[in-house]
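# Chains, contacts and geometry: an overview
Below, each chain spelled out in residue letters.
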Amino acid sequence: MIYQCLRGASLCDIEAAGMSGYFTLHDRSVFPCDPNGVPFTASYIQSTGDPITDILEDLAAEQKARTTYEHLMTLTDNPDIIEPLRFLRQREVNHYQRFGECLQILQEMIPNNNVRYKNQFAECSFT
Ligand SMILES: [Fe+2]
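Residues numbered from 1 in each chain as written. Predicted model: local features only at pLDDT ≥ 70, side-chain atom pairs only at ≥ 80, totals over all residues.

Their axes nearest at 9 Å, the elements helix H4 (residues 51–74) and helix H5 (residues 79–109) cross at an angle of 165°. If you check the angle between H4 and H5, you find them roughly antiparallel. In terms of crossing hand, the pair formed by H4 and H5 is left-handed. Along the lines of polarity and charge, the residues of the contact of H4 with H5 split into 17 nonpolar, 3 polar and 7 charged. (Axes fitted to C-alpha atoms, helices over the stretch in contact; angles between N-to-C directions. Helix = DSSP H or I, 4+ residues; strand = E, 2+ residues; numbered from the N terminus. Parallel < 35°, antiparallel > 145°, perpendicular 65-115°, else oblique. Left-handed = near helix turned anticlockwise from the far one by under 90°. Nonpolar A, V, L, I, M, F, W, Y, C, P; charged D, E, K, R; others polar.)

Okay, unusual backbone geometry next. Of note, the phi angle at aspartate 27 is positive, near 55°, even though the residue is not glycine. Relative to the helices and strands, aspartate 27 resides in the loop between helix H3 (20–26) and H4.

With respect to the helices, strands and loops of the structure, proline 32 is situated in the loop between H3 and H4. Under the C-beta neighbour-count criterion, proline 32 is labelled exposed, with 8 such atoms within 10 Å. Those residues within four positions of proline 32 in sequence are excluded, and the remaining contacts are Pro39 and Phe40. (Buried ≥ 20, exposed ≤ 12 C-beta atoms within 10 Å, placed from the backbone. Contact = placed C-beta atoms within 7 Å.)

With respect to the element layout, glycine 21 can be found in helix H3. A tally of 10 C-beta atoms within 10 Å means that glycine 21 is categorised as exposed. Sequence-wise, glycine 21 and glycine 37 are 16 residues apart; in three dimensions their C-alpha atoms are separated by 8.4 Å.

Moving on: H4. Between its terminal C-alpha atoms H4 stretches 35 Å, which fits the 34 Å expected from 24 residues at 1.5 Å a residue. Along H4, the residues that are buried comprise Leu59, Glu62 and Tyr69. Each element contacted by the buried residues of H4 is listed here: H5. (Expected span 1.5 Å × (residues − 1).)

Shown next as structure tokens:
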């Protein structure tokens, strides 16, 4: 989508969009970064080895992605941009629901006498 938006954009268009800094470093190529130009790194992805913690982080990541797509949708009235964002937003909702199902499956797998995990579930129940 970014590539399509930048394809054919003039330097004036790029400057008017506040993307002069981006253009200086990356021209019109796609470079994964946040709106402030901070590059994506693997440090954004967490894996603790605790399945409950990891799934809860996944759930939060899906919600943050959904929110970001909603914010992006408020920034444009272009239907060619909004429709793919709407699709991506719904995909995050679906991911959230699947991770929620995984969390419930985990809950059912943990023996009742495992106090550590049972206490965690009590704090983050989805029922
Ligand atoms: Fe997702």
